[in-house]
Amino acid sequence: MTRKSVLGEVREVQLAIQLIQLGARLQFLESEVGLSRERLIRLYKEIKGVSPPKGLLPFSTDWYMTWLANIHSSMFYNMYQFMKIHSDKEKVWILIKSYKLYLQQIAAQDSEPILDFTRAYTMVRFFDSDMLQLSTCCRCSGQFVAHAHDHKSGYVCVLCRPPSRAGKARGAKRAAAGEVAALGIEGMGFGVETAPGGTGLH
Amino acid sequence: MSVANGEISREIGDINLAYMLLAQKLVKQDRVAAMFRLGVSSELADMLASMSLAQIVKLAASNFLLCSFRLNEHASMSAVVGEGKDTMLQQAHMSILMSARSLQTRKTAVAA
Ligand SMILES: [Zn+2]
């Protein structure tokens, strides 16, 4: 991609705008959008009104295993897989599409999104690099996000066997609020990660 | 008896019509998302999109329900409905099970 067409560049800018609006981090933008870092930062500031947060993405696969996160991650990944099979678009567009579908689903359920866009993207990468897998629950036959190479037989999902503290509605809301607060994420959750001990991406 | 049967037929026809019109609207709005929500193949989605109102009305006036039960396993059904589950969790569970089902439908269609 040395010389880009004007139309191609418009597409890149549109892609960047969509991604920034969904809450993508700068590292993600740089790897997915063919625009200079300076232009991406300018776009980011213009759309969000603030500079993009600095710092690496110290995400670990463990986050996806905590109770509510696992439910949301599984919802998203099932949608992503569906979109991937039925759409001939580029991967990044499939990601955007399935993330929007996830947000719609969450809005219809009257709850808050727990999985932010960067986490959704990171999860897809974890799946691609064989660090995560979908395990089939032997009770409800739903497919849930699990560590790769976990034994698959006799797996029971987090919804069929919820932890006792999170079993009730109020407990679930508290757990969600606690999780979000613990990560220092507000609203849609685009804050800088502070959780220590994460397996870094890259 | 026959009056009751006539009423049931009419109710089935009403549901069929509402269902077909909704399905067509969904497909026209967003094809892939509609396939996800309805659990239909791409071929069927295209067909739904291209049907005329007259065709839909004719098809709807049937004694058979055109939409089928998607949670067709007792185990899945009781997992979702059971034990006075919180609405949000029930919806999330439904979403996960429905996605898998849509994929299975696709896989068998491809295999065949
Ligand atoms: Zn289960």
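Each chain carries its own residue numbering, running from 1 in the direction its sequence is written. Following the order in which they are written, the chains are lettered starting with A and the ligands numbered starting with 1. Given that the model is predicted, a residue must reach a pLDDT of at least 70 before its local features are reported, and side-chain atom pairs must reach 80 or more before they are shown or counted; all residues, however, enter totals for whole chains, interfaces and linings. As a convention, hydrogens and water are excluded, and side-chain values are obtained from all of the structure's heavy atoms.

1. So, the overall build of chain A
- Scanning chain A from N- to C-terminus turns up seven helices and two strands.
- Secondary structure counts use DSSP, requiring at least four H or I residues in a row for a helix and at least two E residues in a row for a strand, with both numbered from the N terminus. Along the chain direction, N to C, the helices and strands of chain A fall in the order α-α-α-α-α-α-β-β-α.
- When a residue's accessible area, from a 1.4 Å probe over protein chains only, is under 20% of the maximum for its type it is buried; when over 50% it is exposed; and in between it is partly exposed. Residues counted as buried form 49% of the 202 residues belonging to chain A.
- For chain A, the computed accessible surface area is about 10200 Å², with 54% contributed by carbon and sulfur atoms. Values of accessible area rely on a 1.4 Å probe in the Shrake-Rupley scheme; residue burial ignores everything except the protein chains shown.

2. Topic: the interface of chain A and chain B
- The criterion used for residue contact is that any of the two residues' heavy atoms lie within 4.5 Å. Each partner contributes to the interface: chain A provides 29 residues, whereas chain B provides 26 residues.
- By definition, the buried area sums, over both parts, the 1.4 Å-probe accessible area that each loses when the two are put together. A buried area of about 2500 Å², summed over both sides, lies between chain A and chain B, and 70% of it is on carbon and sulfur atoms.
- Looking at the side of chain A facing chain B, the largest losses of area belong to Phe82, His86 and Leu159 of chain A, adding up to 25% of the total buried there.
- The working definition used for a salt bridge is a side-chain nitrogen of Lys or Arg within 4 Å of a carboxyl oxygen of Asp or Glu. Across the chain A-chain B interface, the total number found is one salt bridge.
- One salt bridge connects lysine 97 of chain A with aspartate 30 of chain B, and the closest N-O pair in it is separated by 2.6 Å.
- Pairs of N or O atoms are called polar contacts if they sit within 3.5 Å, as long as, within protein, a hydrogen donor faces a hydrogen acceptor (for residues adjacent in sequence, only side-chain-to-side-chain pairs). Viewed at the interface, chain B and chain A are joined by two residue pairs in polar contact (both at pLDDT 80 or more).
- Sorting the residues of the side of chain A that touches chain B by element identifies helix H4 (67-86), helix H5 (91-108) and strand E2 (143-147) of chain A as the ones contributing at least two each.
- Tallied by class, the residues present in the side of chain A that touches chain B amount to 15 nonpolar, twelve polar and two charged. Classification convention: Asp, Glu, Lys, Arg as charged; Ala, Val, Leu, Ile, Met, Phe, Trp, Tyr, Cys, Pro as nonpolar; all other residues, Gly among them, as polar.

3. A look at the packing of aromatic side chains
Residue and element names in this part refer to chain A.
- In summary, the pairing rule links any two rings of Phe, Tyr or Trp, Trp by its six-membered ring, whose centres are within 6.5 Å, and it sorts them by plane angle into stacked for under 30 degrees, edge-to-face for over 60 and tilted for everything else. Going through the model one piece at a time under the given rule, you end up with twelve aromatic pairs over all chains.
- Their ring planes at 10° and their centres at 3.6 Å tell us that tyrosine 77 and phenylalanine 127 sit as a pair that is stacked. Here phenylalanine 127 lies in helix H6 (residues 117-128) and tyrosine 77 lies in helix H4, a separation of 50 residues in the sequence. Both residues of the pair, tyrosine 77 and phenylalanine 127, count as buried.
- With 5.6 Å between their ring centres and 40° between their planes, tyrosine 99 and tyrosine 102 make a pair best called tilted. Taken together, the residues span about one helical turn, with tyrosine 99 and tyrosine 102 both in helix H5 at a distance of three residues.
- For tyrosine 102, a relative accessible area of 0% corresponds to the buried category.
- By the ring-pair criterion, three or more aromatic residues cluster together here, those being Phe28, Phe76, Tyr77, Tyr80, Tyr99, Tyr102, Phe117, Tyr121 and Phe127.
- Whether a charge sits over a ring comes down to the Lys NZ or Arg CZ being within 6 Å of the ring centre and within 35 degrees of the ring normal. Positioned above the aromatic ring of tryptophan 93 is the side chain of lysine 89, whose terminal nitrogen or guanidinium carbon lies 5.3 Å from the ring centre.
- The ring of tryptophan 63 carries arginine 119 above its face, with NZ or CZ at 4.0 Å from the centroid.

4. What to know about the coordination of the zinc ion
Residue and element names in this part refer to chain A.
- In the first shell of the zinc ion, the protein supplies Cys137 (SG), Cys140 (SG), Cys157 (SG) and Cys160 (SG), at 2.3 to 2.4 Å from the metal.
- One can describe the site at the zinc ion as tetrahedral: its four donor atoms subtend angles covering 103 to 115° at the metal.
- Sequence positions of the donors to the zinc ion reduce to the motif C-x2-C-x16-C-x2-C. Note that cysteine 137 is positioned in the loop between strand E1 (132-136) and E2 and cysteine 157 in the loop between E2 and helix H7 (169-182), a separation of 20 residues in sequence. When sorted by exposure, cysteine 137 lands in the same class as cysteine 157, which is buried. Any N, O or S atom lying within 2.8 Å of the metal counts as a donor, and for Na, K and Ca the limit rises to 3.2 Å; water is left out, so some sites can look incomplete. Square planar and octahedral sites, with four and six donors, are those where opposite donors lie more than 155 degrees apart and all other angles lie between 65 and 115, tetrahedral sites have four donors with every angle between 85 and 135 degrees, and the rest are irregular.

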